[in-house]
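Now for the letters of each chain:
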Amino acid sequence: MAGSTLAIRSKMAFTQLSTMSRRSMSTSQLALRAKALSPVSQSVSRVARRTYADAAPTPSPAPKPKKRFRVLRWAWRLTWLSAIGLTGTVAYSIFELRSPPDQSPPTHPRRPWSSSVRTGWGSVSLLKKLDTENYNVIVVSPRNYFLFTPLLPSCTTGLIEHRSIMEPIRNILRHKKAGVTFYEAEATKIDYEKRVVYISDDSEIKGDISHTEVPFDMLVIGVGAENATFGIPGVRENSCFLKEVGDAQNIRKRIMDCIETACFKDQTEEEVKRLLHMVVVGGGPTGVEFAGELQDFFNDDLKKWIPEIKDNFQITLVEALPNVLPMFSKQLIDYTESTFKEEAITIRAKTMVKEVTDKHIRAEVTKPDGSKAIETIPYGLLVWATGNAVRSVVRDLMNQLPAQAESRRGLLVNEYLVVNGTENVWAVGDCAIANYAPTAQVAGQEGAFLGRLFNTMAKSEALEKELENLSDAQSTAKGDEARNQILDEIRERQKQLRRNKQIGPFQYSHQGSLAYIGKERAVADISWLSGNIASGGTMTYLFWRSAYLSMCFSTRNRVLVCVDWVKARLFGRDVSRE
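Rules used in this analysis
- Residues numbered from 1 in each chain as written.
- Predicted model: local features only at pLDDT ≥ 70, side-chain atom pairs only at ≥ 80, totals over all residues.
- Heavy atoms only, no water.
- Pairing = 2+ DSSP bridges.
- Helix = DSSP H or I, 4+ residues; strand = E, 2+ residues; numbered from the N terminus.
- Axes fitted to C-alpha atoms, helices over the stretch in contact; angles between N-to-C directions.
- UniProt positions renumbered as here; feature names shortened; annotations may be inferred.
- Contact = heavy atoms within 4.5 Å.
- 1 Å grid on protein atoms, 1.4 Å probe; cavity = no way out; pocket = protein on both sides within 12 Å on 5 of 7 lines; lining within 4 Å.
- Points joined across faces, edges and corners; volume = space filled by probe spheres on them.
- Buried < 20%, exposed > 50% of the residue type's maximum accessible area, 1.4 Å probe, protein only.
- Salt bridge = Lys/Arg side-chain N within 4 Å of Asp/Glu carboxyl O.
- Phe/Tyr/Trp six-rings, centres within 6.5 Å; stacked < 30°, edge-to-face > 60°.
- pLDDT = per-residue confidence, 0-100.
- Disulfide = S-S within 2.5 Å.
- Expected span 1.5 Å × (residues − 1).

1. Concerning the sheet that holds strand β17 (residues 372-378)
Pairing in this open sheet of three strands is antiparallel, and the strands run β15-β16-β17 from one edge to the other. Looking at which strands have only one partner, the edges of the open sheet turn out to be β15 (351-356) and β17. For this sheet the average axis-to-axis angle between neighbouring strands, irrespective of direction, equals 30°. The pairing of strand β16 (residues 360-366) with β17 spans seven bridges and is antiparallel. Its bridge partner being in β17, Arg362 is matched across the sheet by Thr376.

Written out as structure tokens, the structure is:
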């Protein structure tokens, strides 16, 4: 049985092998026949393909993309490229800010120079332009930061954090080519005869020496001005000012104190109305912007989280002149007043404050018929945002100089900002009287002008020294060729010296005025070519934001301010007291 099975299997295997051999043989024969007939088959296949191509329909070309989609595609690409470029620029700016270069020490052998400043607009603009390699620069200021004051009203309501508009002065000085000496101190007295500035350390922590003096060969005074009370009783004791970071923080606390006290149990209705009455004295840009910011704070956040105050909260703007924003055009003044009326902000024009107590204002009101009457205005918060007064250190210097005897508002200066009665003292900003409005724009341009002037003076001195050396070399030169070569260099240096000494006097270029009026609206009076462009509304508000953002001192400030704006938009302003 097993033998027969084995035989059957062997026979089947033999059959399969014979079949495979026949298949391989047939395959080889077919290949030889195909090779022999290949020219004929190829010609036939070509004819067939040509006939099929002629018979087949011609495919229609692919539709071209429409132009509008092409424009959108390019717009999208440009947007991406712009975003990448902006990101790269910001990243490089941050790296540059965080990586200050090495500095040469502040040991110039010829000229120490003292700047008695408060690190304001004029002084910081001067430091930005000044080549510190030519001078020994000493900066004296009671605050070690630069404050972007145009956005200070936004800090009072928590829209922007105060540190977002502060730039440490060390960041500025550390990026100069040569080192700059900084003393955080108050300049208490300037002795012009001795060429000395007396300074005092007013910090809470004091060392062994808290009073000393700083000598100078050249002095720039940029101490600004203090708040003017016009001799009105009670203003300094009962008002909140708006010039420094501490002022904004005090206003913030006072707003929430008034609100929380008004919500106190068993408070009378009359007292509630008084506590929730916020009075702003001064119809200039600072007063108008603060009133607008405060009303936004109330509309967007306060009445939402503290609804019990919504019927009694009130803002009043008091102005002695016939209208607010007197530096703007009549069209923008009317627009501001109509916007304030929509926002329920009361404007009390032709109202002059005569006395301030801890709870009331006594004011002289001019009625439409020209008659005057005394009114009592209760308040919970009083913000004083009007006028500048001379600081004591400036007043003391004015008393030392006979040429300043007739001045009352500050240091009189000539067209080069030199203080009248001096030769080596300059003044910039609010402490100088140069026939321009005391604004940050004026102070910034004055500081930049002085920076260019001092750089030119240093170059002129270097050229004069080179001319002296060339003159000595020419007198001892041997041969006509060497002497003529030195004479050519002397003529070239003399041309450069004449060009350097042709710097003109300071000329202010007004770029325009901006003010935020609340409800995401702003007014702008912008200089354009030979005229002005007056505009107001939401688009002007966007321009106001972009303009102030570009004016911020550094990339750090711009990023922080943008983050604060986004944070306030997402989460609202904080209604806590601190």
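2. Notes on the UniProt feature "coiled-coil region" (unreviewed entry) in the chain
When the UniProt feature table is mapped to this numbering, "coiled-coil region" (unreviewed entry) covers residues 453-480. Helix makes up 86% of residues 453-480 and strand makes up 0%, while its end C-alpha atoms are separated by 39 Å.

3. Overview of the sheet that holds strand β24 (residues 521-528)
Pairing within the open sheet is antiparallel, and its three strands lie in the order β23-β24-β25. Each edge of the open sheet is held by one strand with a lone partner, namely β23 (512-518) and β25 (531-537). Each neighbouring strand pair of the sheet contributes to a mean axis angle of 10°, computed without reference to strand direction. Two strands pair when backbone bridges link them, and β24 and β25 are joined in this way by seven bridges, in the antiparallel orientation. Across the sheet, Ala524 pairs through a bridge with Ser535, a residue of β25. Together, β23, β24 and β25 form the strand contacts of helix α11 (residues 330-342), whose direction differs from that of β24 by roughly 170°.

4. Some points on empty space enclosed by the protein
Tallied over the entire structure, the rule returns one cavity of 30 Å³ or more. Each pocket or cavity is described by its volume, and for the largest cavity that value is around 40 Å³. What lines the largest cavity is a set of 10 residues, among which Val117, Arg118, Glu186, Ala187 and Val223 lie closest to the centre. The set of elements that each furnish at least two residues to the lining of the largest cavity consists of β1 (112-117), β2 (136-141) and β6 (186-191).

5. Let's talk about the side chain of His277
Positionally, His277 belongs in strand β12 (residues 277-281). The class for His277 is buried, based on a relative accessible area of 8%. The contacts of His277, once residues within four sequence positions are left out, are Gln314, Thr316, Ile377, Pro378, Tyr379, Gly380 and Leu381.

6. Here we look at the pattern of salt bridges
Taken as a whole and judged by the stated rule, the model has 16 salt bridges. Here Lys189 and Asp396 are joined by a salt bridge, their closest N and O atoms 3.0 Å apart. One end of the pair, Lys189, is in strand β6; the other, Asp396, is in helix α12 (residues 392-400), and 207 residues separate them in sequence. Under the relative-accessibility criterion, Lys189 is labelled partly exposed at 30%. Among the ionic pairs, Glu342 bridges to Arg521, the shortest N-O distance being 3.2 Å. Linking Glu342 in helix α11 with Arg521 in strand β24, this pair joins segments that are 179 residues apart in sequence. Here the residues in one salt-bridge network are Asp300, Asp301 and Arg573, joined through shared partners.

7. So, the packing of aromatic side chains
Considering all chains together, one arrives at 16 aromatic pairs under this definition. On the basis of an interplanar angle of 80° and a centroid distance of 6.0 Å, the ring pair of Trp76 and Trp80 is categorised as edge-to-face. Of this pair, Trp76 and Trp80 are both found in helix α3 (residues 67-98), four residues apart, which corresponds to roughly one turn of the helix. Here Trp426 and Phe454 contribute two aromatic rings whose centre-to-centre distance is 4.9 Å and whose plane-to-plane angle is 85°, an arrangement assigned as edge-to-face. With a gap of 28 residues between them, Trp426 in strand β21 (residues 425-427) and Phe454 in helix α13 (residues 440-475) connect regions that are remote in the sequence.

8. Regarding the confidence of the model for the chain
The pLDDT averaged across the chain works out to 85; a share of 86% of its residues lies at or above 70. Counting contacts from residues 19-45, a segment whose pLDDT is below 50, to residues more than four positions away or on other chains yields zero contacts. A low-confidence stretch, residues 51-55 stays under pLDDT 50, and its non-local contacts, those more than four residues away or across chains, total zero contacts.

9. Thoughts on the state of the cysteines
If you walk through the whole model with that rule in mind, you get zero disulfides. Unpaired in this structure, Cys240 has its nearest cysteine sulfur neighbour in Cys258, at a distance of 8.6 Å. In this structure Cys258 comes out as buried when scored by relative accessible area, which is 4%.

10. Quick look at helix α16 (residues 555-571)
In this model α16 runs 24 Å from its N-terminal to its C-terminal C-alpha over 17 residues, within 8% of the 24 Å that 1.5 Å per residue would give. Restricting attention to buried positions, one finds in α16 the residues Thr555, Asn557, Val561, Asp564, Trp565 and Ala568. Positive backbone phi, at 80°, marks Gly572, one or two positions downstream of α16.

11. Quick look at the environment of Ser210
Relative to the elements of secondary structure, Ser210 occurs in the loop between β7 (196-200) and β8 (211-215). Taking the C-alpha atoms as reference points, Ser210 and Ser200, separated by 10 residues in sequence, lie 5.7 Å from one another. For Ser210, the contacting residues outside a window of four places in its chain are Ile199, Ser200 and Asp201.

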